[in-house]
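The chain contents come next:
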Amino acid sequence: MKHPPVRKAVFPVAGLGTRFLPATKAMPKEMLPLVDKPLVQNAIDEAREAGIEEFVFVTSRGKGVLEDHFDLSPELNATLEARNKTAEIAAVKKTEISSGHLYFTRQHKPLGLGHAVWCAKQVIGREPFAILLPDDVVLSQKGCLAQMLEVYGEVGGNVVAVVDVPREHTNRYGILDVSSDDGRIAAVKGLVEKPAPDVAPSTLSIIGRYILQPEVFDFLDNGVAGAGGEIQLTDSMAKLIDTQPFHGYRFEGKRYDCGDKIGFLEANIAFALQRPEMADKLRAALKPLLAE
């Protein structure tokens, strides 16, 4: 059975990034560099690799630099061309998103991830769509979303990326209640937002990659607050399970939580070590630091 294509992706980027103050006082946390590429650019590149054609940013005040980053920069391009900076020109070109393919919508109040996704409703329409949280970074040969779309082609419905977490950490995440699990794909019979370890139905945690059907908006329309007094995406996703296929996918690769300072530093080191021009120099630089 052929499933409807996933052409659009939502990027919730309205958060204040308070865990990275003062760096994020005037700069969106999504612009923090992963080696030499902003976190949000890494997410866009992953979406492009997966075949996403339209990109929807849910923003807030002070995020204008995100819009500028993906726009054309004629003055910069002209300067680089005049200096014959071929590699730099290529890097800048990769940041550009063509007119008519990039959308921005505002989340005026921080009411939760579910509300942020709901803010993209009019742009998404009645199509299946992806969600990528730039804070969640996955280092893999094939992008996490591209892997998920292959699974979506097999099972349809809704697919979320998952990792196993220590049981004592289940109260930090959305957790799957599964009916079957072959070690790669888990069939989901329920979702619980941040359950206490002693009542968590499993240790399979959702990370910031989703493929969802548009019916999720029918439940998000209700604006009901859940855990933490916020409108939780997990609550509305759970209501899809009775009528649609819903699966968790253990992706290939290593996930880094770049919303956490240590996770951010780990990701920078891991990604730099994948760069042939940097790997040996970085190892040499780290060796004396680690020996102290």
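Values in this document were obtained by computation on a predicted structure and should not be read as measured data.

Colleague: For this particular structure, what's the right way to read the pairing of strand 4 (residues 54-59)?
Modeller: The side chains of a regular strand alternate, first on one face of the sheet and then on the other. Within strand 4, 6 of the 6 residues are buried, which leaves the element mostly enclosed by the surrounding structure. Side chains of strand 4 alternate between two faces, with Glu54, Val56 and Val58 and Phe55, Phe57 and Thr59 buried alike. As paired strands, strand 1 (residues 8-12) and strand 4 are joined by 5 bridges and run parallel to one another. For Pro12, the partnering residue across the bridge sits in strand 4 and is Val58. In the sheet, strand 4 pairs with strand 5 (residues 102-106) via 5 bridges, with the strands oriented parallel. Bridging across to strand 5, Val56 finds its partner in Tyr103.

Colleague: What am I meant to see in the confidence of the model for the protein chain here?
Modeller: Segments scoring low in pLDDT should not have their predicted coordinates read at a detailed level. Looking at the protein chain, the pLDDT average stands at 92 and 99% of residues meet or exceed 70. Taken element by element, the protein chain is modelled with least confidence in strand 9 (residues 174-181), mean pLDDT 89, and with most confidence in strand 6 (residues 129-132), mean pLDDT 98.

Colleague: Teacher, can you tell me more about the packing of aromatic side chains here?
Modeller: Here the distance between the centres and the angle between the planes together describe a pair of aromatic rings. Enumeration according to the criterion identifies 6 aromatic pairs in this entry. Between Phe20 and Phe264 the ring centres are 5.5 Å apart and the planes differ by 80°, which places this aromatic pair in the edge-to-face class. Separated by 244 residues along the polypeptide, Phe20 in the loop between strand 1 and strand 2 (33-34) and Phe264 in helix 10 (residues 261-273) bring together distant segments of the chain. Each member of the pair, Phe20 as well as Phe264, carries the same accessibility label: buried. Taking the centre distance of 5.5 Å and the plane angle of 70° together, the rings of Phe57 and Phe70 count as edge-to-face.

Colleague: How should I be thinking about the nonpolar core in this particular structure?
Modeller: Within the largest apolar cluster, 38 residues are counted, with the highest numbers of intra-cluster contacts made by Phe11, Phe55, Phe57 and Leu145. At the level of secondary structure, the elements contributing two or more residues to this core comprise strand 1, helix 1 (39-49), strand 4, strand 6, helix 7 (144-155), strand 8 (158-164) and strand 11 (204-212). With 7 residues, the top contributor of residues to this core is helix 7. Residues contacting Phe55, with those up to four places away along its chain left out, are Ala9, Phe11, Ile44, Ala47, Arg48, Ile97, His101, Leu102 and Tyr103. Val56, Leu133, Leu204 and Leu220 belong to the second largest nonpolar core, which has 30 residues in total.

Colleague: Before we go on, may I ask you to explain the packing of helix 3 (residues 74-82) against helix 4 (residues 86-93) in this structure?
Modeller: Geometrically, a packed helix pair is captured by the angle between its two axes and the distance between the axes. Where helix 3 contacts helix 4, the two axes come as close as 8 Å, and the packing angle between them is 160°. Taken together, the axes of helix 3 and helix 4 lie roughly antiparallel to each other. As for how helix 3 packs across helix 4, the hand of that crossing is left-handed. Touching Leu76, Asn77, Leu80 and Glu81 of helix 3 are Glu88, Ile89, Val92 and Lys93, all from helix 4. Across the contact of helix 3 with helix 4, the residue classes break down as 4 nonpolar, 1 polar and 3 charged.

What counts as what
Residues numbered from 1 in each chain as written. Predicted model: local features only at pLDDT ≥ 70, side-chain atom pairs only at ≥ 80, totals over all residues. Heavy atoms only, no water. Buried < 20%, exposed > 50% of the residue type's maximum accessible area, 1.4 Å probe, protein only. Helix = DSSP H or I, 4+ residues; strand = E, 2+ residues; numbered from the N terminus. Pairing = 2+ DSSP bridges. pLDDT = per-residue confidence, 0-100. Phe/Tyr/Trp six-rings, centres within 6.5 Å; stacked < 30°, edge-to-face > 60°. Core = buried A, V, L, I, M, F, W, Y, C linked by side-chain atoms within 4.5 Å. Contact = heavy atoms within 4.5 Å. Axes fitted to C-alpha atoms, helices over the stretch in contact; angles between N-to-C directions. Parallel < 35°, antiparallel > 145°, perpendicular 65-115°, else oblique. Left-handed = near helix turned anticlockwise from the far one by under 90°. Nonpolar A, V, L, I, M, F, W, Y, C, P; charged D, E, K, R; others polar.

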